[in-house]
Structures are given as C-alpha cells and as structure tokens.
Amino acid sequence: MAQPQKKLGTKPGVVGEISDLIKGSSAVILTEYRGLSVPQVGDIRTKLHAADSGSDFSVVKNTLFKRAADGIIAADPNLDAALNGPTAVVFAKDSLAAAKVLSDYITGNRNTPLKIKGGVVDGVFQNAEQIDALAKIPPRDTLYAMILGAFQSPLSSLAATLASIAEQKAA
C-alpha cells in the first residue's frame, strides 16, 4: 500500500522542525515533484529507506524552508533560485546514497516528472549536475577496495620480482 504524501504544514513549530531536519542532514537535495502521483512518492520514499541513507522526503513550502535555513545554510543566490515552484526536499544523512537513489529513480523512470533542482551538501550549494556527479561516486566499501588494490598491486609486483631474482640465484 502506498504511503500518503508527507507534507510539512504551516503550523507553529514547523520552521523549527525543518531547521532540525537541516541540522541533522549532511545533504539537503531539492527536487521538482509536480506531476508525481502518491504511489510514485511512496516508491521514492521506500527506495530511500531501503538504501539506508537515513533520508526523509518531504514537501516543503519554499518560504518556510528559507526561514528554517536562515543561519544554518549560508545565503546563496543559487539556492534562492532553486527554491522556485513546488519543492520536495530530501533530508539525507548519507548524501551519496540519497543522490544515487534519486538519480537511479530518474534514470529508471524515463518519463518521471521528478527533477533534481540542486542541493546543499556539507553546507555548500551544489547544482543539479553536481548532485548527479555525486550519485556516480562508488560506495565507501568499493572506494576502500579500490585504494587497497592500488596499494597492493605494486607490492605484489615487487614480491614477485624479488622471488624471481632469488630463484635465478639459487639455480
């Protein structure tokens, strides 16, 4: 069953709630959600939760987001430009995983109206192309394996060379 669309309202304290979400996130990704059905929004939320990105996908009024971000996120004209029109925000603890889920969803659903407007990653505004590039970074475990492989390769070659020299002298 599809989850209902989560929408932060205009009740007192909502600005504080949004501020808390911003403070607890390593990334805040702004998206254009106009045209998404409730099941599609539920599908995006499910994929974000499955990726274990610690993400929350919420529809937020631009004026409330601006008030909540004041003093937390540095003023940036690009951020103000991205906060134009209907906005759904992904508050993510793991910026790579959240960006990957959104990018994969857009790629996998070619006719989806979901678009990335930009976002703030570790306090710096990133445009849509930069968020997409962030999505292409391999997961942490893969990066560790790549680094270890780069260190191990020259050492293996050196060990093989030394063993070959030792065999030639022994013969």
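Residues numbered from 1 in each chain as written. Predicted model: local features only at pLDDT ≥ 70, side-chain atom pairs only at ≥ 80, totals over all residues. Heavy atoms only, no water.

**Student:** What is the right way to read the pairing of strand E1 (residues 27-32) from this model?
**Tutor:** Looking along a regular strand, one sees the side chains alternate between the two faces of the sheet. Where burial is concerned, most of E1 is hidden: 6 out of the 6 residues are buried. Judged by which residues are buried, E1 turns out to be covered on both faces: Ala27, Ile29 and Thr31 on one side and Val28, Leu30 and Glu32 on the other are all buried. Two elements, E1 and strand E3 (residues 88-92), share 5 bridges in a ladder whose sense is antiparallel. Paired with Leu30 across the strands is Val89, a residue of E3. Where E1 lies against strand E4 (residues 115-121), 6 bridges are found, and the strand directions are antiparallel. (Buried < 20%, exposed > 50% of the residue type's maximum accessible area, 1.4 Å probe, protein only. Helix = DSSP H or I, 4+ residues; strand = E, 2+ residues; numbered from the N terminus. Pairing = 2+ DSSP bridges.)

**Student:** What am I meant to see in the packing of helix H2 (residues 38-50) against helix H5 (residues 95-108) here?
**Tutor:** Across the interface, H2 lies against H5 with an axial gap of 9 Å and an inter-helix angle of 140°. Here H2 lies oblique to H5, going by the angle between them. Here the hand of the crossing between H2 and H5 comes out right-handed. Contacts from Gln40, Asp43, Ile44, Lys47 and Leu48 in H2 reach Ala98, Val101, Leu102 and Tyr105 in H5. (Axes fitted to C-alpha atoms, helices over the stretch in contact; angles between N-to-C directions. Parallel < 35°, antiparallel > 145°, perpendicular 65-115°, else oblique. Left-handed = near helix turned anticlockwise from the far one by under 90°. Contact = heavy atoms within 4.5 Å.)

**Student:** Any chance you could explain helix H6 (residues 128-135) here in plain terms?
**Tutor:** Because the α-helix completes a turn every 3.6 residues, residues three or four places apart line up on one side. When we look at burial in H6, the residues that qualify are Ile131, Leu134 and Ala135. The buried residues of H6 occupy an angular sector of 105° when projected down its axis, which confines them to one face. On the buried face of H6, the contacting elements are E1, H5, E4 and strand E5 (124-127). The N-cap of H6, judged by a side-chain oxygen 3.1 Å from the amide nitrogen of Glu129 a few residues on, is Asn127. (Arc of directions from axis to C-beta. Polar contact = N/O pair within 3.5 Å; in protein donor to acceptor, adjacent residues only side chain to side chain.)

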